[in-house]
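# An overview of the molecular structure
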Amino acid sequence: MNETPDKQLFLTSLVDKVREIAARPQETDEKLFSVCKLLKDNVPYYNWVGFYLLDQPRELALGPFVGEPTEHGRISFGTGLCGQAAERKETIIVQDVSQEANYLSCSPKVKSEIIVPIFKTGELVGVLDIDSYARAPFTEEDRAFLETIGEIVSALYQNH
Ligand code: SME
């Protein structure tokens, strides 16, 4: 899937499904898991999809995810790609993780990764992390799409 109107249309159709999940009368973790599953099941190069949620002032804890189990249950700010995205409060795209020194490997199959910070009233509440077994699959469409999803799920944090 390259940068085509088709890709944008397809990702936009998933945004509506994420809104439907967010509106369900379920616990936040259950909804976050459903969002992970929706993304992994529908985008062929999203091979691990999960949330790391702010737990301590400068530490993330693994939340709902879909994909291979990971040994990285807790990640400090600044450490690995998730910790860097949390510290910088910016989306990070790494098209080839073998070139990245500050990286925590989940699986040797992973070639690329995108991490999108999630904010609630301007404060970081977590990150959405996606690993791909493809090299360089992520485009600006993925960034815009996943940042929109971050905004939708941040509304689930009202009573968190
Ligand atoms: N690769 C991430 C760690 C999380 S796993 O990919 C699930 C990182 O460098 O922060």
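For the structure itself, consult the block above.
Overview of the structure. Source: prediction; values computed, not measured. (Residues numbered from 1 in each chain as written. Predicted model: local features only at pLDDT ≥ 70, side-chain atom pairs only at ≥ 80, totals over all residues. Heavy atoms only, no water.)

## Looking at unusual backbone geometry
The phi angle at Lys-89 is positive, at roughly 55°, despite the residue not being glycine. Relative to the elements of secondary structure, Lys-89 occurs in the loop between helix H3 (80-88) and strand E4 (92-94). Lys-89 sits in the partly exposed class, given a relative accessible area of 42%. One non-glycine residue, Thr-121, lies in positive phi territory at about 40°. You can see Thr-121 is positioned in the loop between strand E5 (112-120) and strand E6 (123-132). (Helix = DSSP H or I, 4+ residues; strand = E, 2+ residues; numbered from the N terminus. Buried < 20%, exposed > 50% of the residue type's maximum accessible area, 1.4 Å probe, protein only.)

## Observations concerning the pattern of salt bridges
Applying the stated rule across the entire model yields 9 salt bridges. Between Lys-109 and Glu-68 there is a salt bridge, with the nearest N and O atoms lying 2.7 Å from each other. Placement of the pair is Lys-109 in the loop between E4 and E5 and Glu-68 in the loop between strand E2 (59-66) and strand E3 (74-76), with a sequence separation of 41 residues. By relative accessible area, Lys-109 is classed as partly exposed at 43%. Accessibility expressed as a relative area gives 28% for Glu-68, which makes it partly exposed. Within the structure, one salt-bridge network assembled from shared partners comprises Asp-55, Glu-59 and Arg-74. (Salt bridge = Lys/Arg side-chain N within 4 Å of Asp/Glu carboxyl O.)

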